Every structure is written in structure tokens, then in C-alpha cells.
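Chain by chain, the residues run as shown.
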Amino acid sequence: MSPRDETDPCAEIRRWASSGAMALTGHRDGPPQLVAGAPATAVRESLRALSTTATAMGLDTTRLPDERLIGERAAAMGLTRGGRVSPGGACRLLDAADGTVALTLSRPDDFASLSALLSRDIDDEPWAAVTAWCRDHSADDIVDRATLLGLAAGTVDHTLPGTRPPRAEPRPGTRTGPPLVVDLSSLWAGPLCAHLLFLVGAHVVDAKSTTRPDPGAEAAPAFHGLLRDGTRRWTTDFTTAAGRSKLRDLLLQADIVIEASRPRALEQLGIDAAAITAESGGTWVSITAYGRAHNRIGYGDDVAAAAGLLGDGPVFAADAIADPLTGCHAAAAALDAWSAGTSGVVDISMYDVVRSTRAPLPDAQVVRDGDGWAVDLGDRLVPVAEPATRQASR
């Protein structure tokens, strides 16, 4: 990929249209949409950086996917675009008194918290009640109250970042051969990071507590099977002293640890990332919604909306797009840090990753193309592809 391709808006349009993400962006009964950003190019850049580092380490990169991975979860789950309702259905864009907020209600406890959020009993349909309540409150007030209750919410920021931070070039590595990766994460971003490292030859251990199943496996078993393809399953009871001791021993053996919890969650288990890496010399990849310094939860849809990566309307951009953007970025950062001999915690904010992809909305029209849609670039039509997914081999 040439430097010109990285900044060429037509190149981004082609990638966005072919990735399956564009087909997931827009109103259900309207055309698919372009977005104000270059997310498909960002995925490609991350995968290229990962490939460059892996090649320097003597690893095989022929199995790496491309930007079509953005639409893989939607393809596996049969999701479609839904406008102000995310393709997965758990997140919605709601009008506040002074703006727009994105709110995710995906767990039973989230709906149970709505009475506290609205300061009243909810007898009607939950989403209708919270939609009406939001109209009378400022966006900041909504997000502040939601955060206190442990709900995932964000104020939609339509402003563009002042400067796009440059992507660091891979450094000359001091380590070669496949690393041992221990993945404590669930859902999408963390498992995707582990999956990409596995595809370049890493030995990946999926470490979980017997008392806390992975919600990603329950919600999308076929997609979960793809991301866990070829990894080793390791379980113990994190709630017992013996289980926590076993977990610590495993983490000390790891070259790379991947986790996506707020720091206090691991601290409650007696796990200190800085102490582990100081003893092991390994690299710890910490993926959080807004960075380790912020005690906020967030998911792929609400974080992407808060970061301003949206279609016109606004409508959601693709399916939980902060997850694949972050997973690809984290994989490249993890292998780069470990290969260069860097020990310590790599703090990755999903919000910051998404913000770095923001750019002006491309100037192009979406038109009918037979039974489908295409982007009219003036001299040619670029078909809008439906989401597709790879198949697990094991």
C-alpha cells in the first residue's frame, strides 16, 4: 500500500464499501452510507504494521485477513443496519436536551438500573421511558448519571480531531519466534487481538474463570468459534485462593497478556499488571473503553458514537466498529512492543483509537446498482458488498 493510498479518500471509499461495514451503516429502509472517517484504512494500516513486525520476527503472515473483518460478526449473526438502533440492537442513539447520547442496555442488570437512572419506577416499555427522559436532560448529565450506575453511555462528539496522530512505524525487534499469549478478555476487541496474533504464529491460551462465562460465546457462538479457532482453553475458579494462584503463575509465563477489564476488577483478584510484567518481562495489553485512568465501561457501538464515527442522521457506523478497530490496533501494538523487548503495560483506549480515524465526510453519492447499491465516484461505480465472514478451521 503506497502513502498515497493511505490519504486518498477514494481508496477509503473502496475499502469501506468492500468491507461489509458500509452495508451496515444507514437507516434500515434507506441506502447504505459513507462515514466521516477512514476506519477501513485504519484497519488495513494496523494489519500492515502487524505483518511487518511478524515478518521481521520470522513469523508467517499469509493467514492474516483484511478490512472485511469489520463486518464478520454481523455476517455470522445475520445483522443488518438499523439507523439509530445498532445492528446488534443493544445500543441506541437518543436525543438529549442539548445533543445526542449513545446508550447501551445489553445486560439484565442494565435494565434493572433504569429506575435509578430515571428516578422513578418504570411501568412502560424501558426504551420508550428512557428516550422520553433523555429529551429533558443534558447530554453530560445523562452520561454522568449513567456512568455512576455502571451503564455504558457517551455524548456524541461530532467535532474532528485537530490532528490525526501519526502511526508509529514498527521498531527493529530483539525477539524472534512465536510468543506465548494469555488472553483474559471476552466479547470482540480483545479476542480479535489474540486471534490475529494466533494467525501469525503465536501460541494463544484463552484463560477464563469457571464462574464467569464469556458473553461473546453465548451471544454469537459461530463468531466466537472463529476468534477462538486454534487457541487452547484454560479455566480455573478465579474466586478461590488456589485459582488466583494458578492464574498468577500462568500470567508470569506469558510473553503477552491481553485483558479488557477496568483495573480495579483485576486488583480485586490480587493481580497487578505492573508487578506481573516487572517480574516476567512480558508485555501487558490493557484494552478499556476510555483508558485505564477512567473508571467507565463502554462497548463497540456507544464508544464509536461518542468518538463521532457515525453516518449521517446520525446513524450507527457498522456493527460495534470500535471493537475491530481496537482489536487490530492492539495486535500490532502488542507484537511491536514484545518484539522490541518492551516490558510493561500498553494502555489502549478504544475511544482514542476510534477518534484517530475521524476525517471529513467523503464527497460521493450512493446510487442503486441493480438489486444492490454502489458508490458513484464519477468515473466508475464501487459496489457496496454485504458483510462476509471466514470459517473456523478447527
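Structure report, in brief. (Residues numbered from 1 in each chain as written. Predicted model: local features only at pLDDT ≥ 70, side-chain atom pairs only at ≥ 80, totals over all residues. Heavy atoms only, no water.)

### Re the overall build of the protein chain
Item 1. Scanning the protein chain from N- to C-terminus turns up 17 helices and 14 strands.
Item 2. Its C-alpha radius of gyration of 21 Å places the protein chain within 12% of the 21 Å reference for a compact globule of 394 residues.
Item 3. For the protein chain, the spread of C-alpha atoms along the three principal axes comes to 55 × 55 × 40 Å.
Item 4. When the 394 residues of the protein chain are sorted by exposure, 52% land in the buried category.
Item 5. Considering only intrachain contacts with a sequence separation of at least 6, the fraction spanning at least 24 residues in the protein chain is 75%.
Item 6. Of the roughly 16,700 Å² that the protein chain leaves accessible, carbon and sulfur atoms contribute 50%. (Helix = DSSP H or I, 4+ residues; strand = E, 2+ residues; numbered from the N terminus. Rg over C-alpha atoms; globule rule 2.2 N^0.38 Å. Buried < 20%, exposed > 50% of the residue type's maximum accessible area, 1.4 Å probe, protein only. Contact = heavy atoms within 4.5 Å. Areas by Shrake-Rupley, 256 points an atom, 1.4 Å probe, with all protein chains shown as cover.)

### Some details on the packing of helix H3 (residues 39–56) against helix H16 (residues 322–339)
Item 1. Here H3 crosses H16 at 25°, and the two axes come no closer than 9 Å. Taken together, H3 and H16 sit at an angle that is classed as roughly parallel. Two packed elements cross with a definite hand, and for H3 against H16 that hand is left-handed. Between H3 and H16, the residues in contact are Pro-39, Ala-42, Val-43, Ser-46, Leu-47, Ala-49, Leu-50, Thr-53 and Ala-54 and Leu-325, Cys-328, His-329, Ala-331, Ala-332, Leu-335, Asp-336 and Ser-339, respectively.
Item 2. Residue classes in the contact of H3 with H16 are distributed as 12 nonpolar, four polar and one charged. (Axes fitted to C-alpha atoms, helices over the stretch in contact; angles between N-to-C directions. Parallel < 35°, antiparallel > 145°, perpendicular 65-115°, else oblique. Left-handed = near helix turned anticlockwise from the far one by under 90°. Nonpolar A, V, L, I, M, F, W, Y, C, P; charged D, E, K, R; others polar.)

### Things to note about the environment of Ala-364
Item 1. When you line up the elements, Ala-364 lands in the loop between helix H17 (350–355) and strand S12 (365–369).
Item 2. Looking at Ala-364, the relative accessible area reads 18%, which means it is buried.
Item 3. Distance in space between the C-alpha atoms of Ala-364 and Met-77 is 30 Å, their sequence separation being 287 residues.
Item 4. Setting aside its immediate chain neighbours within four residues, Ala-364 contacts Ile-13, Leu-34, Val-375, Asp-376 and Leu-377.

### Let's talk about a negative patch on the surface
Item 1. Negative charge collects at one region of the surface, where Asp-121, Asp-123, Asp-124 and Glu-125 lie side by side.
Item 2. Along the chain, Asp-121 falls in the loop between helix H6 (114–118) and helix H7 (126–134). (Patch = residues over 30% accessible without salt bridge, like charges linked within 9 Å, V, L, I, M, F, W, Y side chains within 5 Å. Salt bridge = Lys/Arg side-chain N within 4 Å of Asp/Glu carboxyl O. Lys, Arg positive; Asp, Glu negative; His and termini not counted. Charge placed at Lys NZ, Arg CZ, Asp CG, Glu CD.)

### Quick notes on the pattern of salt bridges
Item 1. By the definition in use, this model includes 14 salt bridges.
Item 2. Close ionic contact of Arg-292 with Glu-259 constitutes a salt bridge, the shortest N to O distance being 3.3 Å. Of this pair, Arg-292 sits in the loop between strand S8 (283–288) and helix H15 (300–306) while Glu-259 is found in strand S7 (residues 256–259), placing the two residues 33 residues apart along the sequence.
Item 3. You can call Arg-292 partly exposed: its relative accessible area is 26%.

### Notes on H7
Item 1. What H7 keeps buried is the set Trp-127, Ala-129, Val-130, Trp-133 and Cys-134. Along H7, the residues classed as buried sweep out an arc of 160° about the axis, all on the same side.
Item 2. Against strand S1 (91–96), strand S2 (99–104), helix H5 (108–112), H6 and helix H8 (139–148) lie the buried residues of H7. (Arc of directions from axis to C-beta.)

### Observations concerning the sheet that holds strand S3 (residues 152–155)
Item 1. Spatial ordering of the open sheet is given by S1-S2-S3, a layout of three strands whose pairing is antiparallel. The outermost strands of the open sheet, each flanked by one partner alone, are S1 and S3. Between one strand and the next, the sheet's axes are offset by a mean angle of 25°, whatever the strand orientation.
Item 2. Here four bridges tie S2 to S3, and the two strands are oriented antiparallel to one another. From the neighbouring strand, Thr-104 faces S3, where its bridge partner is Ala-152. (Pairing = 2+ DSSP bridges.)

### Topic: the nonpolar core
Item 1. Counting residues in hydrophobic clusters, the biggest one holds 75 residues, and the most contacted among them are Trp-16, Leu-196, Leu-197 and Val-375.
Item 2. By residue number, the principal contributor to this core is H16, which donates 10 residues.
Item 3. Aside from chain neighbours lying at most four places away, what touches Leu-197 is Leu-50, Val-181, Ala-202, Ile-256, Ile-258, Ala-331, Ala-334 and Leu-335.
Item 4. Grouped together as the second largest cluster of nonpolar side chains are 19 residues, Leu-117, Ala-129, Ile-142 and Ala-146 included. (Core = buried A, V, L, I, M, F, W, Y, C linked by side-chain atoms within 4.5 Å.)

### A few points about the pairing of S7
Item 1. Because side chains alternate across S7, one face comprises the buried residues Ile-256 and Ile-258, and the other comprises Val-257 and Glu-259, equally buried.
Item 2. Bridge count between strand S4 (residues 180–183) and S7: three bridges; the pairing is parallel. Its bridge partner being in S7, Val-181 is matched across the sheet by Ile-256.
Item 3. As defined by bridge partners, S7 adjoins S8 across four bridges and the pair is classed as parallel. Bridge pairing links Ile-256 to Thr-283 in S8.

### Describing the packing of helix H2 (residues 9–18) against H3
Item 1. Packing of H2 against H3 leaves a shortest axis separation of 7 Å and a crossing angle of 90°. In terms of orientation, H2 lies roughly perpendicular with respect to H3. Between H2, through Glu-12, Arg-15 and Trp-16, and H3, the contact on the second element is made entirely by Pro-39, Ala-40, Thr-41 and Arg-44.
Item 2. Class assignment for the residues of the contact of H2 with H3 results in three nonpolar, one polar and three charged.

The values are spatial; any link to function lies outside them.
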